[in-house]
Amino acid sequence: MNSLNNKVAVITGSARGLGKAIAERYAALGANIVINYSRDKASADEVVSNIKAMGANVIAVQADVSKVADIERLFKEAKDAFGKIDIVVANAGIELVETPVTDFTEEQFDRVFGINTKGTYFTMQQAAKHVEDNGRIIYIASSTTSFPVPGMAVYGGSKTTPRYLVDILSKEIGHRGVTVNSIIPFAVDHSGIFAEADSYPALRKQLLDSCPMGRLAEVEDVANVAEFFASDLSSFVNGQHLLVNGGATN
């Protein structure tokens, strides 16, 4: 079993969904956890309770990743609480789907790019500044960055730029033994836009038809890869983008 004993992990957007699953996985492996949330304090408190029940140390920090000052405060509070940061997972993001290019508004564009692109960039910037030598930086991307889907121009575009940042950052700080990689999940069931079983039925069918394994991803599928990238097993895996999509091709 992989061990993250005495490691400190900061996971943005970890009050629910993928971020929650990753935080709880890392806690089960012995890491100290920094939960981040923007508005949903109740869900963040629930994750904190779950992690404390595992016997792990955890704090929750409210921070809106679309604001650089909030990101800087998140990292400061993490270091104040635990003295160091070993693992950063840039997971916070919002989805906007089934909207044609001609219908997106400036307000929608700014909001999605403000969180998914700007927020991820400055999260990874702070990670590069503060993560310990031989640390791990992990970006949670989207399969829309590999397989364009109509109706997702702004969402997919906002998730694409940070993939390039992974390529660059892995070269700029690799000499410190820090690895920078991205996880590219397929659509995740019971999470995000598919949190409800009857949500987006046409899109769900389209995605299911494209996957040889006949299902969407589950949060555990992504947490498995997040465990690998955080562990010693991936110490020489750097600047990589790993699809977790069951072999889907579009």
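Further up the page is the structure itself.
The structure contained in this document is the topic of the report that follows. (Residues numbered from 1 in each chain as written. Predicted model: local features only at pLDDT ≥ 70, side-chain atom pairs only at ≥ 80, totals over all residues. Heavy atoms only, no water.)

Time to look at the overall build of the chain. When helices and strands are counted, the chain shows 7 helices and 7 strands. Listing each helix as α and each strand as β along the chain from the N terminus yields β-α-β-α-β-α-β-α-β-α-β-α-α-β. Considered along the principal axes of its C-alpha atoms, the chain spans approximately 45 × 40 × 35 Å. Across the 250 residues of the chain, 53% fall into the buried class. Here the contacts in the chain between residues at least 6 apart in sequence split such that 74% fall between residues at least 24 apart. On the chain, roughly 11300 Å² of surface is accessible, and the fraction owed to carbon and sulfur atoms is 52%. (Helix = DSSP H or I, 4+ residues; strand = E, 2+ residues; numbered from the N terminus. Buried < 20%, exposed > 50% of the residue type's maximum accessible area, 1.4 Å probe, protein only. Contact = heavy atoms within 4.5 Å. Areas by Shrake-Rupley, 256 points an atom, 1.4 Å probe, with all protein chains shown as cover.)

To continue, consider the packing of aromatic side chains. Scanning the entire structure with this criterion turns up 4 aromatic pairs. Here the aromatic rings of Y121 and F122 are separated by 5.0 Å at their centres, their planes lie at 75 degrees, and the arrangement is edge-to-face. With relative accessibility at 24%, the residue F122 sits in the partly exposed group. Look at F194 and Y200: their rings are 6.3 Å apart centre to centre, the planes differ by 80 degrees, and that puts the pair in the edge-to-face class. In this structure F194 comes out as buried when scored by relative accessible area, which is 3%. Of the residues examined, Y200 reaches a relative accessible area of 31% and is grouped as partly exposed. (Phe/Tyr/Trp six-rings, centres within 6.5 Å; stacked < 30°, edge-to-face > 60°.)

Turning our eyes to something else, we now look at unusual backbone geometry. Residues apart from glycine generally show negative phi values, whereas peptide bonds are mostly found in trans. A positive phi angle, near 70 degrees, is found at N6, a position not held by glycine. Here N6 is to be found in the segment before strand 1 (8-11). Residues other than glycine seldom take positive phi values, yet Y200 does so here, at roughly 45 degrees.

This part is about the nonpolar core. Of all hydrophobic cores here, the largest spans 49 residues; its most connected members are Y26, I33, I35, I51 and I183. Sorting the residues of this core by element identifies strand 1, helix 1 (17-28), strand 2 (32-37), helix 2 (41-53), strand 4 (85-90), strand 5 (131-140), helix 6 (201-210) and helix 7 (219-230) as the ones contributing at least two each. Broken down by element, this core gets its largest block of residues, 7 residues, from helix 7. Among residues more than four places away in sequence, those in contact with I183 are I138, Y139, I140, A141, V222, V225, A226, F229, L242 and V244. Counting 34 residues, the second largest nonpolar core, distinct from the first, contains V65, A78, L96 and Y139. (Core = buried A, V, L, I, M, F, W, Y, C linked by side-chain atoms within 4.5 Å.)

With that settled, the discussion passes to the side chain of D64. On the secondary structure map, D64 appears in the loop between strand 3 (58-62) and helix 3 (68-82). Buried and without a salt bridge, D64 has K67 as its closest oppositely charged side chain, separated by 4.2 Å. Excluding anything up to four places from it in sequence, D64 contacts S38 and D70. (Lys, Arg positive; Asp, Glu negative; His and termini not counted. Salt bridge = Lys/Arg side-chain N within 4 Å of Asp/Glu carboxyl O.)

Here we take up the sheet that holds strand 6 (residues 179-185). Strand order in the open sheet formed by 7 strands is 3-2-1-4-5-6-7, with parallel pairing between adjacent strands. Two strands close off the open sheet at either side, each with one partner strand: strand 3 and strand 7 (241-244). Taking the axes of each pair of neighbouring strands and ignoring which way they run, one obtains an average angle of 20 degrees across the sheet. Relative to strand 3, strand 2 runs parallel, the two sharing 5 bridges. When the bridges of strand 3 are listed, N36 appears paired with V61. (Pairing = 2+ DSSP bridges. Axes fitted to C-alpha atoms, helices over the stretch in contact; angles between N-to-C directions.)

This brings us to the packing of helix 1 against helix 7. Contact pair helix 1 / helix 7: the axes reach a minimum separation of 9 Å and the direction vectors enclose 50 degrees. In this view, helix 1 runs oblique relative to helix 7, as classed from their interaxial angle. Seen along the crossing, helix 1 lies across helix 7 with a hand that is right-handed. Residue-level inspection shows G17, L18, A21, I22, R25 and Y26 of helix 1 in contact with helix 7, the latter providing V219, E220, V222, A223, N224, A226, E227 and A230. Residue composition of the contact of helix 1 with helix 7, grouped by class: 9 nonpolar, 2 polar and 3 charged. (Parallel < 35°, antiparallel > 145°, perpendicular 65-115°, else oblique. Left-handed = near helix turned anticlockwise from the far one by under 90°. Nonpolar A, V, L, I, M, F, W, Y, C, P; charged D, E, K, R; others polar.)

This part is about the pattern of salt bridges. On inspection of all chains with the given rule, the structure shows 11 salt bridges. In this structure, R204 and D189 form a salt bridge, with 3.0 Å as the shortest nitrogen-oxygen distance. Taken together, the residues span a long stretch of sequence, with R204 in helix 6 and D189 in the loop between strand 6 and helix 6 at a distance of 15 residues. A single burial state applies to R204 and to D189, both of which are buried. Connected through shared salt-bridge partners, D70, R73 and E77 make up one network.

Read these as layout, nothing more, since geometry by itself doesn't imply function.
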